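# Secondary and tertiary structure notes
Residue strings, one per chain:
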Amino acid sequence: MNHSAMAKVSGLLLRKVSPQASRFSRPAYMGWMTVHPMPAREQSTLASGDAKEEKPIQVPKTGSENGEQKAIVSYWGVPPANLTKEDGSPWKWHCFRPWETYKADISIDVEKHHKPVKFMDKFAYWTVQALKIPTHMFFQRKHMCHAMLLETVAAVPGMVGGMLLHCQSPRRFEQSGGWIKALLEEAENERMHLMTFIELAKPQWYERAIVFAVQGVFFNAYFLTYLASPKVAHRITGYLEEEAVRSYTEFLKDLDNGSFENVPAPAIAIDYWRLPAESTLRDVVEVIRADEAHHRDVNHYASDIQCQGHQFKDVPAPLGYH
Ligand SMILES: [Fe+2]
Ligand SMILES: [Fe+2]
């Protein structure tokens, strides 16, 4: 088949596929959101064989240095969704979509603690306590820097666990019980915490260097720990999350006593956690602390499942648990 014939066939296929591309299931709470996918036919310059009718895809922002918009010329038929908020204003976040937003459950018990009784639990607990010492010595009450480092580390366990379970599922020819998705959700949630903090403070070069080194070491150490024993790895993460809850409680105390300025909440946080427009940093830290408490519960639960001789595939994962 020559090039022109192939282009015609792809054009026909795209025209068939395009209407499907704009249909996807949405939760009920998304009724307010509108999606305006551009028909594939209007995006292509090559696929239909009729170049005069085709227009290149226009994306709202390209991140170019001078701020000018650039067109993407493509014949692949991938529809750039133009989303709008409830009030009709454009949805400005590419890193998350309206159906990924939620209201955090801040009624969760932030004092809960898994008492280390067995050797494995004590090992996990004291590993985290040992990691805590240099972190607290370095950051003291510099909450924003501490939070940024914490979140770069916290984004690792869910991704490593999710990745290893993802590889395990096809290797063993068995379902995951939803745990792959649950752990990846956790990793994404942690990354959104970081994206929120970097709206408020820009890390210095030496903080970026620390993150680079810490992430490199922690990723590999956690990967090997998870390979050796998922129940130990999840217990360590459970205790890490307990420490995260504690450090955000300290952050809240300093916001309340005025030693840290309670600035307005960044727009990304207002949209992600569906916060009122007049929310402040305190509201943001409170919902992030609630998230950490949920991660604590999920990871201790995951460890308990394995400690009690069950397998993830047989226990439904807490999907969407916030
Ligand atoms: Fe976090
Ligand atoms: Fe967390």
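Notes on the structure in this doc start here. This structure is a prediction, so every number in the text was calculated from the model and none was measured. (Residues numbered from 1 in each chain as written. Chains lettered and ligands numbered in written order. Predicted model: local features only at pLDDT ≥ 70, side-chain atom pairs only at ≥ 80, totals over all residues.)

### Structural notes on the packing of helix α4 (residues 143–172) against helix α7 (residues 230–256)
The following threshold applies: Geometry is summarised by axes, namely lines fitted to C-alpha atoms with helices restricted to the contacting stretch, and by angles between N-to-C directions that run from 0 to 180 degrees. Put simply, DSSP H or I for four residues or longer makes a helix, DSSP E for two residues or longer makes a strand, and each gets a number counted from the N terminus. Here the angle decides the label: under 35 degrees means roughly parallel, over 145 means roughly antiparallel, 65 to 115 means roughly perpendicular, and every other value means oblique. Two helices crossing with the near one rotated counterclockwise from the far one by less than a right angle form a left-handed crossing, whereas a clockwise rotation gives a right-handed crossing. Here the contact rule is simple: place C-beta atoms from the backbone, and any two residues whose C-beta atoms are within 7 Å are in contact. Residues are sorted three ways: Asp, Glu, Lys and Arg are charged, Ala, Val, Leu, Ile, Met, Phe, Trp, Tyr, Cys and Pro are nonpolar, and all the rest, Gly among them, are polar.
At a closest axis distance of 11 Å, the pairing of α4 and α7 adopts a crossing angle of 155 degrees. In terms of their interaxial angle, α4 and α7 are classed as roughly antiparallel. In the packing of α4 onto α7, the handedness of the crossing is left-handed. Facing His143, His146, Ala147, Leu150, Ala154, Pro157 and Gly161 of α4, the residues of α7 in contact are Ala233, Thr237, Leu240, Ala244, Ser247, Phe251 and Asp254. Counted by class, the contact of α4 with α7 contains eight nonpolar, five polar and one charged residues.

### Concerning helix α9 (residues 281–307)
Every α-helix winds through 3.6 residues per turn, so residues three or four apart in the chain are directed the same way. Where we set the bar: A helix is expected to reach a length of 1.5 Å times the quantity of its residues less one. Partly exposed residues are those falling between the two cut-offs: more than 12 but fewer than 20 other C-beta atoms within 10 Å of their own, whereas 20 or more means buried and 12 or fewer means exposed, with C-beta atoms placed from the backbone.
The terminal C-alpha atoms of α9, which comprises 27 residues, lie 39 Å apart, in line with the 39 Å expected from a rise of 1.5 Å per residue. Within α9, 20 of the 27 residues are buried, which leaves the element mostly enclosed by the surrounding structure. The positive-phi residue at the C-terminal boundary of α9 is glycine 309, with phi of around 85 degrees.

### Focus on unusual backbone geometry
Backbone geometry at phenylalanine 173 places phi at a positive 55 degrees, although glycine is not the residue there. Position of phenylalanine 173 among the secondary structure elements: in the loop between α4 and α5 (179–200). Note on phenylalanine 173: 6 C-beta atoms within 10 Å, which makes it exposed. Phi at arginine 274 takes a positive value of approximately 50 degrees, unusual for a residue other than glycine.

### Quick word on the environment of leucine 240
Tracing the sequence through the fold places leucine 240 in helix α7. Along the primary structure leucine 240 and alanine 124 are separated by 116 residues, whereas in three dimensions their C-alpha atoms are 9.3 Å apart. Ignoring any residue separated from it by four or fewer positions in sequence, one finds leucine 240 in contact with Val128 and Ala154.

### Here's the deal with the packing of helix α3 (residues 119–139) against α7
Two elements in contact, α3 and α7, have axes whose closest approach is 9 Å; the angle formed by their N-to-C orientations is 45 degrees. Considering their axes alone, α3 and α7 lie oblique with respect to each other. The chirality of how α3 crosses α7 is right-handed. When α3 is examined against α7, the residues Met120, Asp121, Phe123, Ala124, Tyr125, Thr127, Val128 and Lys132 are found in contact with a partner set consisting of Val232, Arg235, Ile236, Tyr239, Leu240 and Glu243. Looking at side-chain class alone, the contact of α3 with α7 contains nine nonpolar, one polar and four charged residues.

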